[in-house]
Amino acid sequence: MTVPGAGDPAARGTRPGRLGVGVVGAGRVGAVLGCALRSVGHPVVAASGISAGSRDRIDALLPGVPVLEVPDVVERAELILLTVPDDALAPLVAGLAEVRAWQPGQLVLHTSGRYGTAVLAPARAAGAIPLAVHPAMTFTGTSLDLARLVGCCFAVTAPAPVLPIAQALVVELGGEPVVVAEEARPLYHAALAHGANHLVVLVAQAAQALTAAGVEDPGRVLGPLLGAALDGALRASSVTDGPGAIATLTGPVARGDVGTVVDHLAELTALAARDAALDVPEGYRALARSGTQRALAAGRLREDAAQALLDALTDPPPPPDGARPPGPAGTPGPASPPPRPPDTPEDPA
Ligand SMILES: NC(=O)c1ccc[n+]([C@@H]2O[C@H](COP(=O)([O-])OP(=O)(O)OC[C@H]3O[C@@H](n4cnc5c(N)ncnc54)[C@H](OP(=O)(O)O)[C@@H]3O)[C@@H](O)[C@H]2O)c1
């Protein structure tokens, strides 16, 4: 892969087609992708990062790489990884354009799931080549992530003539490129967040109910069951001419067992009152309604059985005026979102 006219030739690798990589933001993703690109022969010529966490990641994953100011990283590199928080991306690209940092022919790659390449417009206007490459993976920012890149899907979005560059980079990392259209990026990102993040919420709710039922190690009980359910649902999702994951639904909704569903709701409502876990019956109701409607649409439930389930799953009346519903597990209820703990790994989205 040769990019004419970009970067400091002295910084380029000695093998043909190698690119001098600059990592702008040696966070969890930047340090790991820089390390992975280095391991396939692309020299990392510079990285930026101010916090102790970024400096530690550079020491661990990019040893010997000079730590420079952002414009200096851009100046030296042929392939620039913009691995900064989503909200920092647009102002950063625009700010670098204002100081005329972008060079014609440079590859500028960001890893945000939410954006396509429009966010890189100021760099493109200066002649840089915009690439949006999002690994559908969660990163810890350690060497553990390197093996997970192999076989990982990466959403790639780029102008058609340069799309093969993004695809080739992903393949070099051992990943699988999946082309996502520019206008579909927000929906793609919402889908991943809904799947990955809300799976965690579901496990939290089920584990809380099991603990209340006296089960000492909820993770041990849930693990094999949820693993099998996830495995089956994912396999069915890959079959394009079938009803998808809903084909593998088991349990009372799939059987039309209204009495069992009513019992479940009574138990979970009692749990909500006892343990301030109102979100558990709410979550059960919402997902069981979806399950019913999807099972009906897939021909797995008769219409009368589906209607009986939906009647049992109607929302309870709202609490009296002024009463604030309790939040999960002993918290007083949602007032404002809790701050993100500093070292919580983000999700693929
Ligand atoms: N984490 C994941 O699992 C994951 C997975 C897929 C995609 N992504 C995407 O990858 C991107 C990076 O995420 P991340 O989790 O790696 O973030 P992160 O761990 O928070 O690291 C962000 C990095 O960007 C630097 N930075 C912050 N603001 C900056 C600015 N204005 N200018 C220059 N550098 C700046 C930080 O530097 P200092 O803190 O050192 O100052 C840090 O090195 C995001 O777009 C995210 O959506 C993340």
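Just so we're clear, the structure is a prediction, and the values are computed from it rather than from any experiment.

1. Observations regarding the overall build of the protein
Here is step 1 of the chain: Along the protein, the regular secondary structure elements total 13 helices and seven strands.
Here is step 2 of the chain: Buried residues in the protein amount to 34% of all 349 residues.
Here is step 3 of the chain: Counting only contacts in the protein whose residues sit at least 6 apart along the sequence, the fraction spanning at least 24 positions is 61%.

2. Some thoughts on the packing of helix α12 (residues 279-297) against helix α13 (residues 303-312)
Here is step 1 of the chain: Orientation of α12 relative to α13, taken along the N-to-C sense of each, is 170°, at an axis distance of 10 Å. With respect to their mutual orientation, α12 and α13 come out roughly antiparallel. Of the residues in α13, those touching α12 at Arg289, Thr292 and Leu296 are Glu303, Ala306, Leu309 and Leu310.
Here is step 2 of the chain: For the contact of α12 with α13, the class distribution of residues is four nonpolar, one polar and two charged.

3. Section: unusual backbone geometry
Here is step 1 of the chain: A positive phi angle, close to 55°, is found at arginine 100, a residue other than glycine.
Here is step 2 of the chain: Here arginine 100 falls in the exposed class, since 9 other C-beta atoms lie within 10 Å of it.
Here is step 3 of the chain: Its identity as a non-glycine residue notwithstanding, alanine 276 has a phi of 50°, on the positive side.
Here is step 4 of the chain: Along the chain, alanine 276 turns up in the loop between α11 (258-275) and α12.
Here is step 5 of the chain: Residue class for alanine 276 comes out partly exposed when judged on the 17 C-beta atoms lying within 10 Å of it.

4. What to know about the site of the ligand
Here is step 1 of the chain: In the neighbourhood of the ligand, 31 residues make up the surrounding shell, with Gly25, Gly27, Ser51, Ser54 and Ser112 lying closest.
Here is step 2 of the chain: Contributions of two or more residues to the shell around the ligand are made by α1 (28-39), α4 (86-98) and β5 (129-135).
Here is step 3 of the chain: In the shell around the ligand, the residues fall into 14 nonpolar, 13 polar and four charged.

5. Things to note about the sheet that holds strand β1 (residues 21-24)
Here is step 1 of the chain: What the seven strands build is an open sheet, ordered β2-β1-β3-β4-β5-β6-β7; its pairing is mixed. Strands at the two margins of the open sheet, each flanked by one partner only, are β2 (44-48) and β7 (176-179). When the angles between neighbouring strand axes are averaged without regard to direction, this sheet yields 25°.

6. Regarding the nonpolar core
Here is step 1 of the chain: Judged by nonpolar contacts, the single largest core of 59 residues is most densely connected at Ile80, Val108 and Leu131.
Here is step 2 of the chain: For this core, the element with the highest residue contribution is α1, accounting for seven residues.
Here is step 3 of the chain: Look past the residues within four positions of leucine 131 in its chain and what remains in contact with it is Leu107, Val108, Leu109, Thr117, Ala158, Val162, Ile165 and Ala166.
Here is step 4 of the chain: Counting residues in each nonpolar core, the second largest holds 14 residues, with Leu268, Val280, Ala295 and Leu309 among its members.

7. Some words on the confidence of the model for the protein
Here is step 1 of the chain: In the predicted model, the protein carries a mean pLDDT of 90, and the fraction of residues at 70 or more is 87%.
Here is step 2 of the chain: A low-confidence stretch, residues 1-13 stays under pLDDT 50, and its non-local contacts, those more than four residues away or across chains, total 36 contacts.
Here is step 3 of the chain: Between residues 329-345, whose pLDDT stays under 50, and residues either more than four places distant or in other chains, the model counts 18 contacts.

8. Describing the packing of α11 against α12
Helix packing for two helices is described by the angle between their axes and how far apart those axes are.
Here is step 1 of the chain: The contact between α11 and α12 brings their axes to 8 Å, and the two run at 155°. Judged on the interaxial angle alone, α12 and α11 are roughly antiparallel. Along the contact surface, α11 presents Val261, His264, Leu265, Leu268, Thr269, Leu271 and Ala272, while α12 presents Val280, Pro281, Tyr284, Arg285 and Ala288.
Here is step 2 of the chain: Of the residues contributing to the contact of α11 with α12, the split by class is nine nonpolar, two polar and one charged.

9. Focus on the environment of alanine 46
Here is step 1 of the chain: Relative to the assigned elements, alanine 46 resides in strand β2.
Here is step 2 of the chain: According to the C-beta neighbour criterion, alanine 46 is buried, with 26 such atoms within 10 Å.
Here is step 3 of the chain: For the pair alanine 46 and valine 24, spaced 22 residues apart in the sequence, the C-alpha separation amounts to 8.4 Å.
Here is step 4 of the chain: Those residues in contact with alanine 46, other than ones at most four positions away along the chain, are Gly22, Val65, Pro66, Leu68, Asp72, Val73, Arg76 and Ala77.

10. Side note on the pairing of β7
Here is step 1 of the chain: Relative to β7, strand β6 (residues 153-157) runs parallel, the two being bridged by four bridges. Paired with alanine 155 across the strands is valine 178, a residue of β7.
Here is step 2 of the chain: Taken together, β6, helix α7 (residues 163-172) and β7 form a β-α-β motif whose crossover is right-handed.

11. A short note on the pairing of strand β4 (residues 107-110)
Here is step 1 of the chain: Burial along β4 is two-sided: the residues Leu107 and Leu109 and Val108 and His110 are all buried.
Here is step 2 of the chain: Note: strand β3 (residues 79-82) against β4, four bridges, orientation parallel. In the sheet register, leucine 79 faces β4, and the bridge partner there is leucine 107.
Here is step 3 of the chain: With α4 bridging β3 and the parallel β4, this β-α-β connection has right-handed handedness.

So, how was this worked out
- Here the residue index of a chain counts from 1 through its sequence in written order.
- Thresholds applied to this predicted model are a pLDDT of at least 70 for local features of residues and 80 or more for the giving and counting of side-chain atom pairs; totals over whole chains, interfaces and linings are not thresholded and use all residues.
- Per the convention used, a helix needs a DSSP run of H or I reaching at least four residues, while a strand needs a run of E reaching at least two, with both numbered from the N terminus.
- Burial in this document is a count-based property: other C-beta atoms within 10 Å of a residue's C-beta are tallied, and the residue is buried at 20 or more, exposed at 12 or fewer, or partly exposed in between, with C-beta positions derived from the backbone.
- Two residues qualify as a contact pair if the distance between their C-beta atoms, derived from the backbone, is within 7 Å.
- To get an axis, a line is fitted to the C-alpha atoms, and for a helix only the part in contact is used. The angle between two axes follows their N-to-C directions and goes from 0 to 180 degrees.
- Orientation is classified from the angle alone, with under 35 degrees giving roughly parallel, over 145 giving roughly antiparallel, 65 to 115 giving roughly perpendicular, and any other angle giving oblique.
- Classification used: nonpolar for Ala, Val, Leu, Ile, Met, Phe, Trp, Tyr, Cys and Pro, charged for Asp, Glu, Lys and Arg, polar for all others including Gly.
- In this text, near has one meaning. A residue is near a molecule or strand if its C-beta atom, placed using the backbone, is within 6 Å of it.
- Pairing between strands requires that DSSP locate at least two bridges from one strand to the other.
- In this description, a nonpolar core means buried residues of the types Ala, Val, Leu, Ile, Met, Phe, Trp, Tyr and Cys, linked to one another by C-beta atoms lying within 7 Å.
- Here pLDDT means the predictor's own confidence in every residue, given as a number from 0 to 100.
- Think of it like this: strands point away, you trace from the first strand over the helix to the second, and a clockwise trace means the crossover is right-handed.

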